[in-house]
Every structure is written in C-alpha cells, then in structure tokens.
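Coordinates in review
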Amino acid sequence: MTPTTSKTLVSRVGTGVVALLLACIFFSLGIWQLDRAAALKESLVIATTIDEEVVPLESIATTNSLLAPDAINRMVRVSGNYVATLRAPGQVDGDGNIDDWQVALLQVGGDTGVLVVRGLWSQRLLNPDIPESMTIEIQGQLRAAQSGDRTDNSPGVISRLDSAVIISTTDLDLYDGYILASKEVHMGKDLERTRPSAERLLSRIPGFYWQHLSYVLIWWLMAAVVLYLPFYRRKVGV
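First, a word on scope: everything that follows refers to the structure included in this document. (Residues numbered from 1 in each chain as written. Predicted model: local features only at pLDDT ≥ 70, side-chain atom pairs only at ≥ 80, totals over all residues. Heavy atoms only, no water.)

1. Overview of the side chain of Asp93
Within the secondary structure layout, Asp93 lies in the loop between strand E2 (75-92) and strand E3 (98-108). In terms of polar contacts, Asp93 uses its side chain to reach the backbone amide nitrogen of Asp95, at 2.9 Å. In terms of polar contacts, Asp93 uses its side chain to reach the backbone amide nitrogen of Gly96, at 3.0 Å. Excluding residues within four positions of it along the chain, Asp93 makes contact with Trp101, Pro196, Ser197 and Glu199. (Helix = DSSP H or I, 4+ residues; strand = E, 2+ residues; numbered from the N terminus. Polar contact = N/O pair within 3.5 Å; in protein donor to acceptor, adjacent residues only side chain to side chain. Contact = heavy atoms within 4.5 Å.)

2. Some remarks on the pairing of strand E4 (residues 112-120)
Taken across its nine residues, E4 has nine buried, putting it largely inside the fold. Sheet topology note: the E3/E4 ladder contains eight bridges and is antiparallel. Following the sheet pairing, Trp101 is matched in E4 by Leu120. The antiparallel hairpin formed by E3 and E4 contains three residues in its connecting segment, where Gly109 sits at a positive phi of about 70°. Across five bridges, E4 lies against strand E6 (residues 173-186) in parallel orientation. Note that in E6 the partner of Val117 across the bridge is Leu180. (Buried < 20%, exposed > 50% of the residue type's maximum accessible area, 1.4 Å probe, protein only. Pairing = 2+ DSSP bridges.)

3. Things to note about the side chain of Arg160
Along the polypeptide, Arg160 turns up in the loop between strand E5 (136-143) and E6. One polar contact links the side chain of Arg160 to the main-chain carbonyl oxygen of Gln146, over a distance of 3.4 Å. A polar contact is formed between the side chain of Arg160 and the side chain of Asp149, at a distance of 2.6 Å. Apart from residues no more than four positions distant in its own chain, Arg160 is found in contact with Gln146, Ser147, Gly148, Asp149 and Val165.

4. Considerations on a nonpolar patch on the surface
Among the surface-exposed residues, Val18, Leu21, Leu22 and Ile25 lie close enough to one another that they form a single nonpolar patch of about 340 Å² accessible area. Mapped onto the fold, Val18 is located in helix H1 (residues 3-47). (Patch = residues over 30% accessible without salt bridge, like charges linked within 9 Å, V, L, I, M, F, W, Y side chains within 5 Å. Areas by Shrake-Rupley, 256 points an atom, 1.4 Å probe, with all protein chains shown as cover. Salt bridge = Lys/Arg side-chain N within 4 Å of Asp/Glu carboxyl O.)

5. Concerning the pattern of salt bridges
Evaluated as defined, the whole model comprises five salt bridges. Here Arg87 makes a salt bridge to Asp100, at a shortest N to O gap of 3.1 Å. Within this pair, whereas Arg87 is found in strand E2, its partner Asp100 is found in strand E3, the two being separated by 13 residues in sequence. Assessed through its relative accessible area of 25%, Arg87 is described here as partly exposed. Its relative accessible area of 22% is what places Asp100 among the partly exposed residues. When the shortest N-O distance is used, the salt bridge between Glu184 and Arg118 registers 2.7 Å.

Dropping the structure here:
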C-alpha cells in the first residue's frame, strides 16, 4: 500500500466516522423532538381537561400555603358565610368578554377564608335577602391566583384575584387562589345569576404539535444527508 493510498484510506475512515457521529447526533435530536411532540400532545389533553369530580376544598388545599399543581383547576365544594364583597375590574372570561366581577370573601368555619367569584358586578344586587350570617354552599373551580394587577387597590376594589392582596385586611387564614363559583345554594335553593366562564387552559410546553413533527423530519433529513455526503464525494471524485 502506497503512502498516498494509506492517507486516502485514513481520510475516508475519518470522514466516515465524523459523518456517522453527526448522523447519530441529528438522529438523537430527532428522537428528542419526537418526545417533545408527544409531551406536547399529552399536555394539551391534560391542560384542557378538567376533572369534574367535586371534592371538598380542604381535601386538596391548605391555608397559608401555595396550591399544589394537582389542586389547580379542580372542582371543589365548600360552605360558609360571606363577610366581605369586593369589585374586581377588567376581568376576562373564557369567551373573551371583559367585565367587572363580584368577588366575596367566604369565611369557612371560624378562622379560615377563601375568595369566591360570585358573578358579574352588575348583578350584585340580586338575592338581596341573603345576609352575611346565612350559610352558603359553594361549588366551583379552584383557580390559581392571578399574577398581574388589573387596577389599583382601593376600598371595596381588589386589584387582582389573589388572596395575598387582602391578607392585611382580615384575621382569617386564607386559601391560596380563588374559587370561580358555578353554583351557590342556600337551604337547598340555587342562587341564580350569570356565572363567568373560566379562561381557556393552555399547554405550558411551547410550540405546536405539527411544528415539532416538522423538526423531527428536518433532523432526520440532515442525518441522511450527512451519511450520504461521503458516498457523494467518492462518486464525484472529490
């Protein structure tokens, strides 16, 4: 074997090893992207599906602590009496409607409380025969606290749906987040009013399902191109 032939063989082997290594990397990236697509699809199902089983609030949440991830958006029930009414301006429902909401602080037992979205502020005068001393049974969706203010705090106004905003105005131990009421019952009678719908739940994984699949094809195509290049170079005599 001549030195030239030896160098050519070493060069081809080296090129082949590099090409194989790059192909493995691109193929692995395609597998990773495929896993991301599967995770996204699963998260879309989970994020947009609400467990309709109604459970007691205290069974999935505790006062003075953040909601556990698996407690958020669960359907809960709780009973108590309203001790304060607040206006929450500029709230957006699931249909994109912007309105002021009526929010009440529900005292549960003797020393705990939770924020409850009762309905539209414009309907706050409905059920005037319900005084604060009456026990109300609530059923609704437990939502995470809002992170951004819609307005400034002022007497009778809450800047966002977050128990932390009112913690200095009450002696009650508060649950994190708030309940978006779907039903209020007093002595077996439903309190009828317009209930805001929940905002649509979205996946936390960025991107779109088909976008991830297209990236899978791109990575694998690059792997195929890298593997083909050494043979192409030999074919054209490069």
